[in-house]
Amino acid sequence: MDVLSDILAVCRSEHAAPARIALTAPWGLASTGVPGALVRFARGAPYWMEVQGEAPIQVAPGDLVLLPPMLPHRIVSQPGVPVATFDELIARHSDGPRDENPLVFALGGGGPGTELFSTQVWLSAYCRHTVLPLMQPFIHARAQDMVLAASLGALMESVTQECLARRPGWRLSAARMGELLLVNLLRAHLARHPAPGSGWLRGLADPGTARALQRMHRAPEQGWTLASLAREAGMSRTRFSERFRELVGTTPIGYLTAHRMALAAQALEEAAMPLARIAERAGYDSAKVFARAFRRWSGSPPSVWARREAQR
């Protein structure tokens with residue numbers, strides 16, 4: 001049973017924008033956050049990352065860092081050095097519309113060098129609603145703790161170079177790289193750092209709850225009831241309901257509804273099928289009933305939500 005793979009398989013990279021930055025100490029960069037998730041890999045001298053509310057961490061060469069969208073932070077050669085803003089440098093060095101093209105620039109005072117490779121990844125709706133909330137405030141995957149760190153870093157370097165050269169197909173290559181980085185970083189992080197408190201990840205540690213989660217993920221359109229899910233879990237309805245809420249933090253039907261809505265949000269975002277088909281795949285016989293449920297979940301009717309997301 002590999003429910004984690006089932007969940008991560010739904011995560012998609014819509015597009016990605018890579019960058020290569022040559023830095024020489026002393027240097028410092030401040031970001032107010034970016035719309036996509038941000039993956040970084042560096043060679044050369046280590047650097048420090050500072051996120052409000054967290055102790056500064058040193059990022060060693062070969063480490064990978066994954067930041068969620070819109071997270072303000074600073075990266076510096078040493079704590080306390082003056083910082084330039086990413087916004088200013090991006091405006092100066094962008095070749096084309098911001099966040100849509102590869103970026104390359106250099107900064108620093110001529111000391112020990114750090115070559116920083118990064119890619120901004122725009123994630124699918126399902127991933128944003130179900131997986132990213134588990135990684136707050138960020139993921140720092142140390143090279144010695146992640147078997148694939150060196151291979152993923154080499155991939156970032158080679159694909160970034162391809163993108164900077166604007167070779168045919170670079171946009172697709174960047175998006176697929178972003179997806180591969182995302183899935184492997186999340187998989188490594190979630191395997192090493194089980195989520196505290198409650199949530200679907202904690203539910204995977206319990207065999208009965210995990211079986212019920214797997215059935216919901218494999219067939220979300222099925223007419224699941226508390227009784228049928230309890231049978232899948234091998235428990236009484238009362239015991240299953242109590243155990244599920246204790247581990248996952250919501251009722252089984254509440255979780256199923258949120259899962260269906262996140263899948264529907266992704267389908268709406270992709271605009272690949274009519275509303276009636278999206279409703280059917282979410283387990284609803286009527287598009288009207290589905291639209292009411294989606295509005296309760298998202299705060300907006302499906303059409304309004306889709307338009308807003310298309311403008312992100």
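Here, the structure is the one placed above.
On a predicted model such as this, the values are computed, not experimentally measured, just so you know.

S.K.: Can you walk me through unusual backbone geometry in this structure?
M.R.: With glycine set apart, most residues show a phi of negative sign, and most peptide bonds adopt trans. Cis peptide bonds are those with omega within 30 degrees of zero, and the linkage from Ala25 to Pro26 qualifies with -5 degrees. When you line up the elements, Pro26 lands in the loop between β1 (13-24) and β2 (28-31). Backbone geometry at Met70 places phi at a positive 60 degrees, although glycine is not the residue there. With a phi close to 55 degrees, Arg166 is a non-glycine residue in the positive phi region. If you trace the backbone, Arg166 turns up in the loop between α4 (149-164) and α5 (170-192).

S.K.: When you look at the side chain of Ser124 in this model, what are you seeing that I'm missing?
M.R.: With respect to the secondary-structure elements, Ser124 resides in the loop between β10 (113-123) and α3 (125-130). On the accessibility criterion, Ser124 (2% relative accessible area) is buried. In this structure, Ser124 is in contact with Val10, Cys11, Arg12, Glu14, Gln266 and Glu269, ignoring residues within four places of it in sequence.

S.K.: Is there a simple way to explain the packing of α4 against α5 in this structure?
M.R.: Geometrically, a packed helix pair is captured by the angle between its two axes and the distance between the axes. As a packed pair, α4 and α5 sit with axes 10 Å apart at the nearest point and diverge in direction by 160 degrees. Judged by the angle between their axes, α4 and α5 are roughly antiparallel. In this structure, α4 crosses over α5, and the sense of that crossing is left-handed. Across the interface between the two elements, Leu152, Leu155, Met156, Val159, Glu162 and Cys163 from α4 touch Trp170, Ser173, Ala174, Met177, Leu180, Leu181 and Asn184 from α5. Residue composition of the contact of α4 with α5, grouped by class: 10 nonpolar, 2 polar and 1 charged.

S.K.: Teacher, can you tell me more about the pairing of β1 here?
M.R.: On a regular strand, each side chain points to the face opposite its neighbour's, so the side chains alternate between the two faces of the sheet. As paired elements, β1 and β10 share 11 bridges and run antiparallel to each other. Looking at the pairing, Thr24 lines up with Gly113 of β10. Note: β1 against strand β9 (residues 103-108), 6 bridges, orientation parallel. The residue of β9 that forms the bridge with Arg20 is Val104.

S.K.: Honestly, the sheet that holds strand β5 (residues 57-59) in this entry has me stumped. Any pointers?
M.R.: The strands that make up a sheet are held in pairs by hydrogen bonds between backbone atoms, and each pair lies either parallel or antiparallel. In spatial order, the strands read β5-β4-β7-β2-β8; together these 5 strands make up an open sheet with mixed pairing. Bordering the open sheet on either side are β5 and β8 (84-85), each of which pairs with just one other strand. Bridge count for β2 against strand β7 (residues 73-76) is 4 bridges, and the pairing is antiparallel. Each bridged residue has a counterpart across the sheet, and for Leu29 the counterpart in β7 is Ile75.

S.K.: In this structure, what is going on with the nonpolar core? I would like to understand it.
M.R.: Nonpolar side chains in soluble globular proteins tend to be buried together. Ranked by internal contacts, the top residues of the largest apolar core, which has 52 residues, are Leu64, Leu66, Val131, Met156, Leu186, Trp200 and Met216. Here this core takes 8 residues from α5, the largest share from any one element. Non-local contacts of Val131, meaning those with residues more than four positions away in its chain, are made with Ile7, Leu8, Cys11, Tyr126, Leu186 and Trp200. With 26 residues, the next largest nonpolar core counts Trp27, Leu67, Ile90 and Phe105 among its residues.

S.K.: Got a minute to help me understand the pattern of salt bridges in this structure?
M.R.: A pair can form between side chains of opposite charge whenever their charged atoms are brought close. Considering all chains together, one arrives at 9 salt bridges under this definition. Between Arg74 and Glu50 there is a salt bridge whose closest N-O contact spans 3.0 Å. With Arg74 in strand β7 and Glu50 in strand β4 (residues 47-50), this pair connects stretches of sequence that are 24 residues apart. Given the relative accessible area of 16%, Glu50 is considered buried.

S.K.: I would appreciate a short explanation of empty space enclosed by the protein in the present structure.
M.R.: In this approach the atoms are scanned with a rolling probe the size of a water molecule, which exposes any empty space left behind. This model, assessed by the stated rule, comprises 1 cavity of 30 Å³ or more. What the largest cavity holds in volume is close to 300 Å³. Lining the largest cavity are 26 residues, and of these Ala19, Ile90, Asp99, Leu103 and Gln120 sit closest to its centre. Looking at the lining of the largest cavity, its residues break down into 12 nonpolar, 9 polar and 5 charged.

S.K.: So what exactly am I meant to see when it comes to the environment of Glu309 here?
M.R.: By the secondary structure assignment, Glu309 is in helix α13 (residues 302-310). Among the residues examined, Glu309 registers a relative accessible area of 13% and is labelled buried. Note: C-alpha distance between Glu309 and Arg12 (297 residues apart in sequence) is 15 Å. Leaving out residues up to four positions away in the same chain, Glu309 has contacts with Arg128 and Glu269.

Criteria and thresholds
Residues numbered from 1 in each chain as written. Predicted model: local features only at pLDDT ≥ 70, side-chain atom pairs only at ≥ 80, totals over all residues. Heavy atoms only, no water. Helix = DSSP H or I, 4+ residues; strand = E, 2+ residues; numbered from the N terminus. Buried < 20%, exposed > 50% of the residue type's maximum accessible area, 1.4 Å probe, protein only. Contact = heavy atoms within 4.5 Å. Axes fitted to C-alpha atoms, helices over the stretch in contact; angles between N-to-C directions. Parallel < 35°, antiparallel > 145°, perpendicular 65-115°, else oblique. Left-handed = near helix turned anticlockwise from the far one by under 90°. Nonpolar A, V, L, I, M, F, W, Y, C, P; charged D, E, K, R; others polar. Pairing = 2+ DSSP bridges. Core = buried A, V, L, I, M, F, W, Y, C linked by side-chain atoms within 4.5 Å. Salt bridge = Lys/Arg side-chain N within 4 Å of Asp/Glu carboxyl O. 1 Å grid on protein atoms, 1.4 Å probe; cavity = no way out; pocket = protein on both sides within 12 Å on 5 of 7 lines; lining within 4 Å. Points joined across faces, edges and corners; volume = space filled by probe spheres on them.

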